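Observations on the three-dimensional arrangement
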Amino acid sequence: MDFDVGGRLRQVRETAGLSQRELARRAGVTNGTISLIEQNRNSPSVSSLRRVLQGVPMTLSEFFSTEDTDLEKITFRHDELLPLTNEIERNNQGAVSFLQVGDSRKYGLQILYETYQPGADTGRTMLQHASNEGGIVISGTIELTVGDSKHILNTGDSYLFDSTLPHRFRNTSKEPCVIVSACTPPYL
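Reading guide: rules and limits
- Residues numbered from 1 in each chain as written.
- Predicted model: local features only at pLDDT ≥ 70, side-chain atom pairs only at ≥ 80, totals over all residues.
- Heavy atoms only, no water.
- Pairing = 2+ DSSP bridges.
- Helix = DSSP H or I, 4+ residues; strand = E, 2+ residues; numbered from the N terminus.
- Axes fitted to C-alpha atoms, helices over the stretch in contact; angles between N-to-C directions.
- Phe/Tyr/Trp six-rings, centres within 6.5 Å; stacked < 30°, edge-to-face > 60°.
- Buried < 20%, exposed > 50% of the residue type's maximum accessible area, 1.4 Å probe, protein only.
- Lys NZ or Arg CZ within 6 Å of the ring centre and 35° of its normal.
- Arc of directions from axis to C-beta.
- Contact = heavy atoms within 4.5 Å.

The next point concerns the sheet that holds strand 6 (residues 149-154). The three strands lie next to each other as 6-5-8, forming an open sheet whose pairing is antiparallel. Because the sheet does not close on itself, it has two edges, and the strands there are strand 6 and strand 8 (167-170). Averaged over all adjacent pairs, the angle separating strand axes in this sheet is 20 degrees, with direction ignored. With four bridges connecting them, strand 5 (residues 141-146) and strand 8 associate as antiparallel partners. Each bridged residue has a counterpart across the sheet, and for E143 the counterpart in strand 8 is R170.

So, about the packing of aromatic side chains. On inspection of all chains with the given rule, the structure shows five aromatic pairs. Aromatic side chains F63 and F64 sit 5.0 Å apart centroid to centroid with 90 degrees between the ring planes, which places their arrangement in the edge-to-face category. A relative accessible area of 4% places F64 in the buried class. Plain terms: the ring middles of Y159 and F161 are 5.9 Å apart, the flat faces sit at 35 degrees to each other, and that makes the pair tilted. For the residue pair Y159 and F161, the accessibility class agrees, reading buried in each case. One aromatic cluster is present, formed by F98, Y116, Y159, F161 and F169 through successive ring pairs. When the ring centre of F63 is taken as reference, the NZ or CZ atom of R8 above it lies at 5.7 Å.

It is worth spelling out helix 1 (residues 5-15) at this point. Among the residues of helix 1, those classed as buried are V5, G6, R8, L9, V12 and R13. All buried residues of helix 1 project into a common sector of 165 degrees when viewed along the axis, lining one side. Within helix 1, the exposed residues directed more than 90 degrees away from the buried face are E14 and T15. Residues of helix 1 that are buried in the fold lie against helix 2 (20-27), helix 3 (31-38), helix 4 (46-53) and helix 5 (60-64). Just past helix 1, the residue G17 takes up positive phi, approximately 70 degrees.

Turning our attention to unusual backbone geometry. At the junction of V56 and P57, the peptide bond is cis and its omega measures out at -10 degrees in the coordinates. Here the bond from T184 into P185 is cis, since omega is -10 degrees, no more than 30 degrees from zero. Secondary-structure assignment places P185 in the segment after strand 9 (177-184). In this model, N40 sits at a positive phi of 60 degrees, which is unusual for a non-glycine residue. Within the secondary structure, N40 is located in the loop between helix 3 and helix 4. Of the residues examined, N40 reaches a relative accessible area of 46% and is grouped as partly exposed.

Moving on, we get to the environment of I74. Tracing the sequence through the fold places I74 in the loop between helix 5 and strand 1 (82-83). Along the sequence, I74 and V101 sit 27 residues apart, while their C-alpha atoms lie 9.8 Å from each other.

Here we come to helix 2. Within the sequence span of helix 2, burial applies to L23, A24 and A27. Along the long axis of helix 2, the arc covered by the buried residues comes to 100 degrees, so they all point the same way. Turned more than 90 degrees off the buried face of helix 2, the exposed positions are R21 and R25. Contacts from the buried residues of helix 2 go to helix 1, helix 3 and helix 4. Two residues or fewer after helix 2 comes G28, characterised by a positive phi angle close to 75 degrees.

The values reported here are purely geometric and, on their own, carry no functional implication.
This is how it looks when you write it as structure tokens:
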């Protein structure tokens, strides 16, 4: 199932009553960036799309949600996880996929099943948000940069840090990397 990122962004922008120019100003990007994304001529990175959505404001979870979440649900099968990225970078080398467990807004906790293909990167712009996050590498290897320090994590290794520190995830190996992570409060 393909997700129309450009069409969805246009719908969100128009529902918020914003022109392309106003959304670009609020997000700190060029008007051309918004236009190219809406025409599906630019496939934004996760960090770039998140930055644009902050101009609305809206989380990635809300952006990719196409239906109301059942708030009483307790267990979730793998095919019931909410895709937050729908591999929006699939046309670029190194796709990143984030699948969310349930409705993060209800619990104030975001649990993600993350997949980083070889060469995948959360983006050149370091992520930074008012949360705490942690995770466990289920398989593969990931390079985690937090502030000025880089860490190579392998299967079974874990991390926990204050997300107000600039950070970035990068798969520099030749094998996919799978991570299960949690973040509170939710930021995607």
